[in-house]
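# Structural description and commentary
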Amino acid sequence: MTGGDDIRIEMLISDFGGVLTTPLFQSFAAIHDAAGIPPESLGIALARITEKTGANPLFELECGRIPEAEFTRAMSEQLAEDLERPVDFGELGLRFFEALDPNIGMIDLIREVRREGLRTALLTNNVKEWEPLWRSMLPVDELFETVVDSAFVGVRKPDPRIYELTLERVELPPGACLFVDDLEINCEAASDLGFEVVHFRETAQARAEVHAKLGLTA
Ligand SMILES: [Mg+2]
């Protein structure tokens, strides 16, 4: 954005995983450990299924086009083929969330932003069947007026359509929204559409950048 732009930011739109939670690599490690598979095997299995079917099964899952059970079955079969032994890839959601904790520093920031009179929304790539799991980690309805969940709207970040849908729901122009996400590709897509953006790398950095963007004192 250029210097002449003086739209006031009215809303903070936050990602969930890796921003409002502890880092996701812990969850991926837990999934690998529980299934007894080497660290690179998940990515390889996803790539092989994508090659065979023409669709990335993780994206299909996050867009709510396949149920979790179909995802875990396809992954179990592919991993068994790749590793030449049976692989138990079940209980995926439980394994994923057991390894995560709420990120209190960022949740406090959401509360602070609301106290300052700004609006807040959640924009998450997620899994339908995981809704009770992630919702149990934080008081979602107290923290956010709106939740846009990829699994329920059928489109995922960084597709521009999910950002546009979010703007329609909150009835704001992109320049009035500050978007926070730990994935650079999601931040770039938002920035391209005209959102203000903070790329979360770690809590202190993200808090400081959000404070600066909103003109709040730390
Ligand atoms: Mg994230």
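Residues numbered from 1 in each chain as written. Predicted model: local features only at pLDDT ≥ 70, side-chain atom pairs only at ≥ 80, totals over all residues.

### Examining the domain arrangement of the protein chain
By domain assignment, the protein chain separates into domain 1 (11–23 + 101–214) and domain 2 (25–97). Placing the centre of domain 1 and that of domain 2 at their C-alpha centroids yields a distance of 26 Å. On the domain 2 side, the residues contacting the 16 residues of domain 1 number eleven residues. Listed by contribution, the elements that provide at least two residues to the side of domain 1 that touches domain 2 are α7 (131–135) and α9 (150–153). If one sorts the elements of the side of domain 1 that touches domain 2 by residue count, α9 sits on top with three residues. Across the side of domain 1 that touches domain 2, the residue classes tally to eight nonpolar, five polar and three charged. (Domains from an automatic or database assignment. Contact = placed C-beta atoms within 7 Å. Helix = DSSP H or I, 4+ residues; strand = E, 2+ residues; numbered from the N terminus. Nonpolar A, V, L, I, M, F, W, Y, C, P; charged D, E, K, R; others polar.)

### Quick look at the nonpolar core
Counting 51 residues, the largest nonpolar core has Leu12, Ile13, Leu178, Phe179 and Val180 as its most contacted members. Domain assignment of the residues forming this core places at least three in each of domain 1 (11–23 + 101–214) and domain 2 (25–97). In this structure Val180 touches Leu12, Ser14, Asp15, Val19, Val198, Phe200, Ala206 and Val210, once residues within four positions along its chain are discounted. (Core = buried A, V, L, I, M, F, W, Y, C linked by C-beta atoms within 7 Å. Buried ≥ 20, exposed ≤ 12 C-beta atoms within 10 Å, placed from the backbone.)

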